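Remarks on the overall topology
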Amino acid sequence: MDPKPHFETLARYNRWANRRLYDAAAQLSDAQFREDRGAFFGSICGTLNHILVADRVWLERIECSGPKPSSLDEILHDDFAALRAAREAEDERILRVVTATPAERFESVLSYRSMAGAPYELPFAQILTHVFNHQTHHRGQAHTLLGQFGLATPVLDFVYFLLESK
């Protein structure tokens, strides 16, 4: 079975879920966006920036080019509008990378170095699975934070994306 169509679907789902989450987050005041709520990355700003940072780290490893953040808690964009635009661009980049990846690469091994410089090798398809799973994990944290502010939180379940995509 060719795994590429599965990962293309995950990339489209990822973009869909991020758009829905950012639509909800756009209702926050600037103070709420930055408020430390005790989450792993503090605020919604910190959490959404971390997702973008991690995507850039992994895509730099996959493509051997592009921005390379210096730490996992780096704030790439302190302004919501700029962060949203960067997220949208990164989601398009993820989709382009997955679409452009030759089918045989999904069966290959990716050699990379951790941010501390340690060498690792993992199957490429499992790395992509991690990228999408990581986003889902932290979107869930941001989703909870939005609910703590009393906002109606969007449905982000994969099955709803599938049903909307029919």
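Residues numbered from 1 in each chain as written. Predicted model: local features only at pLDDT ≥ 70, side-chain atom pairs only at ≥ 80, totals over all residues. Heavy atoms only, no water.

Re the overall build of the protein chain
Looking only at helices and strands, the protein chain features 6 helices and 2 strands. Listing each helix as α and each strand as β along the protein chain from the N terminus yields α-α-α-α-β-β-α-α. If you line up the protein chain on its principal axes, its C-alpha atoms span 45 × 40 × 20 Å. Within the span of the protein chain, comprising 166 residues, buried residues form 46% of the whole. Counting contacts in the protein chain only where the partners sit at least 6 residues apart, residues at least 24 apart contribute 73% of the total. Accessible area of the protein chain: about 8,400 Å², with a carbon and sulfur share of 55%. Looking at charge distribution, the protein chain has the averaged site of its 18 positive side-chain charges lying 2 Å from that of its 22 negative ones. (Helix = DSSP H or I, 4+ residues; strand = E, 2+ residues; numbered from the N terminus. Buried < 20%, exposed > 50% of the residue type's maximum accessible area, 1.4 Å probe, protein only. Contact = heavy atoms within 4.5 Å. Areas by Shrake-Rupley, 256 points an atom, 1.4 Å probe, with all protein chains shown as cover. Lys, Arg positive; Asp, Glu negative; His and termini not counted. Charge placed at Lys NZ, Arg CZ, Asp CG, Glu CD.)

Side note on the nonpolar core
If you look at the biggest cluster of nonpolar residues, it comprises 25 residues, and the most contacted ones within it are Leu28, Phe33, Ile44, Leu48 and Leu146. Looking at this core, the elements that each hand over two or more residues are helix H1 (4-25), helix H3 (44-63), helix H4 (80-100) and helix H5 (124-148). At 7 residues, the largest contribution of residues to this core is made by H1. Filtering out sequence-adjacent residues up to four positions away, Leu146 remains in contact with Leu21, Ala24, Ala25, Leu28, Ile44, Leu151 and Thr153. In this structure, Ala11, Trp58, Val97 and Leu128 belong to the second largest nonpolar core, which totals 19 residues. (Core = buried A, V, L, I, M, F, W, Y, C linked by side-chain atoms within 4.5 Å.)

Brief notes about the packing of H4 against H5
Running from N to C, H4 and H5 cross one another at 155°; their axes reach a closest spacing of 13 Å. Between H4 and H5, the angle is such that the two are roughly antiparallel. The way H4 lies across H5 gives a crossing that is left-handed. The segment H4 lies against H5, with Arg87, Asp91, Ile94 and Val98 engaging Leu128, Phe132 and Gln135. Classifying every residue of the contact of H4 with H5 gives 4 nonpolar, 1 polar and 2 charged. (Axes fitted to C-alpha atoms, helices over the stretch in contact; angles between N-to-C directions. Parallel < 35°, antiparallel > 145°, perpendicular 65-115°, else oblique. Left-handed = near helix turned anticlockwise from the far one by under 90°. Nonpolar A, V, L, I, M, F, W, Y, C, P; charged D, E, K, R; others polar.)

A closer look at H1
For H1, with 22 residues, the first-to-last C-alpha span of 31 Å sits near the 32 Å given by 1.5 Å per residue. The element H1 is largely enclosed, with a buried count of 16 among its 22 residues. (Expected span 1.5 Å × (residues − 1).)

Remarks on the pairing of strand S2 (residues 119-123)
Alignment of strand S1 (residues 109-113) against S2, held across 5 bridges, turns out to be antiparallel. Directly across from Arg113, in S2, lies its bridge partner Pro119. The turn linking S1 back onto S2 is made up of 5 residues, and Gly117 within it adopts a positive phi angle of 100°. (Pairing = 2+ DSSP bridges.)

Structural notes on unusual backbone geometry
A positive phi angle, near 60°, is found at Cys64, a position not held by glycine. Along the chain, Cys64 falls in the loop between H3 and H4.

Some details on a nonpolar patch on the surface
A cluster of nonpolar side chains, namely Val155, Val159, Tyr160 and Leu163, defines an oily patch on the protein surface of about 360 Å² accessible area. As for its position among the elements, Leu163 is in helix H6 (residues 158-165). The exposure class of Leu163 is exposed, given its relative accessible area of 54%. (Patch = residues over 30% accessible without salt bridge, like charges linked within 9 Å, V, L, I, M, F, W, Y side chains within 5 Å. Salt bridge = Lys/Arg side-chain N within 4 Å of Asp/Glu carboxyl O.)

Remarks on the packing of aromatic side chains
Scanning the entire structure with this criterion turns up 12 aromatic pairs. When the centroid spacing of 5.6 Å and the interplanar angle of 70° are considered together, the rings of Phe106 and Phe124 count as edge-to-face. One end of the pair, Phe106, is in the loop between H4 and S1; the other, Phe124, is in helix H5, and 18 residues separate them in sequence. Exposure class is identical for Phe106 and Phe124. Each is buried. Grouping aromatic residues by their ring pairs yields a cluster made of Tyr13, Trp16, Phe158 and Phe161. Over the ring of Trp58 we find Arg61; its NZ or CZ atom is 4.4 Å from the centre of that ring. (Phe/Tyr/Trp six-rings, centres within 6.5 Å; stacked < 30°, edge-to-face > 60°. Lys NZ or Arg CZ within 6 Å of the ring centre and 35° of its normal.)

Any functional reading would require information that these geometric values do not contain.
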